[in-house]
Amino acid sequence: MQQRTLGSDLTVSAIGLGCMGMSEFYGPRDDSESLRVLARALELGIDFFDTADMYGPHHNEALIGRFLASHKPKVRIATKFGIVRNPGEYQRSLNSSAAYARNACEASLRRLGIEQIDLYYVHRVNPDTPIEETMEGLAQLVKEGKIAHIGLCEVSADTLRRAHAVHPVTAVQTEYSLWTRDVEQAVLPTCQELGIGFVPYSPLGRGFLTGKLQENTDFGEGDFRPNLPRFSEQAMHANRRIADVIGEMANHKGSTPAQLSLAWLLSKGDNIVPIPGTKRLRYLEENTAATSITLSADEQQRLEAATERLPVTGERYTPEGMKGVNA
Ligand SMILES: NC(=O)c1ccc[n+]([C@@H]2O[C@H](COP(=O)([O-])OP(=O)(O)OC[C@H]3O[C@@H](n4cnc5c(N)ncnc54)[C@H](OP(=O)(O)O)[C@@H]3O)[C@@H](O)[C@H]2O)c1
């Protein structure tokens, strides 16, 4: 497995594993299968697991904690704070204050059963809290050894610069994929300029870009995608052509659409480490194999040209979910 470096010194496998769906958002969970996926990821050389305190709350961190306790693996753990939710409720609020960061960090360390979080992200910046205050609080946690590196999710380029001036930011995590390329305008160039890593989340468009989801897909209970504007029946119908084009080009390349989508992200910069999410062994193995696919400049350009000309229907979040995005 190739390695990539986020920021100045956080070296991780070229793709990580998104663990969110092991707890909620994409249908029912199965802890035994998820534990097998985590173990197989290690065997395949994936050493970068992505979680957050609000996934499940707080099932996902506890599940990873269980895995770490039994396997004692050499793995980098990225987790997040700042979206406050009660178990069983979707209602949420944002809190990026330094005092909250400290309490949340200590709770995450306990659930994960570790002494240090490798990469601690602000999950969403609350615009009422100056980013400088948040960063000073996080810098203190670095000094105390509770966290090793600091990350920010869904921030604007301006907030990123202000944050980085207080303490080095190791990685930005924001949605980025063939159908969500907003970060190319300012955030990604800023990361490249400042030597900051970039971690694309939902790199498979929450599964849509794999071609396996269609307007008649029955998402079932516990799947939040039908609530997202981009996954309404009408939007999925309109967006169908995007998945089809990726499917056609993947076929031509001899890869799967998921692999082509990940290979494209990997080709966009050495500082990029996508974290495809899955709770299934077969998807994990398929996605991991994307690291051995190389796109030529011509293939990259053709894929971009073919998808760019297809406008995407539907926002990626509801208005409530857009709070704290590009903050
Ligand atoms: N910072 C943030 O605000 C934020 C937001 C969202 C996500 N994240 C992080 O990013 C990670 C990845 O994003 P994501 O999970 O939202 O989206 P994703 O990786 O784009 O897609 C995940 C979905 O695609 C399916 N899938 C995975 N590989 C597949 C394959 N090869 N073929 C067909 N379907 C496949 C999964 O199915 P199964 O579920 O059936 O395995 C799951 O439903 C998350 O796990 C989480 O850690 C962060």
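Quick summary incoming for the structure in this document. In this text the structure is predicted, and so the values were computed from the model without any measurement. (Residues numbered from 1 in each chain as written. Predicted model: local features only at pLDDT ≥ 70, side-chain atom pairs only at ≥ 80, totals over all residues. Heavy atoms only, no water.)

Here we come to the site of the ligand. Of all residues adjacent to the ligand, which total 32 residues, the nearest are Tyr 26, Asp 50, Leu 204, Thr 278 and Arg 280. Within the backbone of Met 20, one N or O atom sits 3.2 Å away from an oxygen atom of the ligand. Coverage of the ligand by the protein amounts to 96% of the 910 Å² it exposes when considered alone. (Near = heavy atom within 4 Å. Polar contact = N/O pair within 3.5 Å; in protein donor to acceptor, adjacent residues only side chain to side chain. Areas by Shrake-Rupley, 256 points an atom, 1.4 Å probe, with all protein chains shown as cover.)

Okay, the pattern of salt bridges next. On inspection of all chains with the given rule, the structure shows 26 salt bridges. Residue Glu 308 pairs with Arg 181 through a salt bridge whose shortest N-O separation is 3.1 Å. A residue pair is termed long-range when its members are at least 10 positions apart, and Glu 308 in helix H10 (residues 297-308) and Arg 181 in the loop between strand E10 (171-175) and helix H6 (187-194) qualify at 127 residues. For Glu 308, a relative accessible area of 53% corresponds to the exposed category. Across the pair Arg 241 and Glu 248 runs a salt bridge, and its minimum N-O distance is 3.2 Å. Connected through shared salt-bridge partners, Arg 181, Glu 184, Lys 268, Glu 304 and Glu 308 make up one network. (Salt bridge = Lys/Arg side-chain N within 4 Å of Asp/Glu carboxyl O. Helix = DSSP H or I, 4+ residues; strand = E, 2+ residues; numbered from the N terminus. Buried < 20%, exposed > 50% of the residue type's maximum accessible area, 1.4 Å probe, protein only.)

Right, let's get into the sheet that holds E10. Pairing in this open sheet of 7 strands is parallel, and the strands run E3-E4-E5-E8-E9-E10-E11 from one edge to the other. Single-partner strands in this sheet number two, and they are strand E3 (17-18) and strand E11 (197-201). (Pairing = 2+ DSSP bridges.)

With 77 residues, the main nonpolar core has Leu 6, Phe 48, Leu 138, Leu 152 and Phe 198 as its most contacted residues. The element contributing the most residues to this core is helix H7 (residues 233-253), with 7 residues. Beyond its immediate chain neighbours, meaning those up to four positions away, Leu 152 contacts Tyr 121, Val 122, Ile 131, Met 135, Leu 160, Ala 163, Val 169, Ala 171, Val 172 and Gln 173. The next biggest cluster of nonpolar side chains, apart from the first, holds 20 residues, and it includes Ala 14, Ile 15, Cys 19 and Phe 49. (Core = buried A, V, L, I, M, F, W, Y, C linked by side-chain atoms within 4.5 Å. Contact = heavy atoms within 4.5 Å.)

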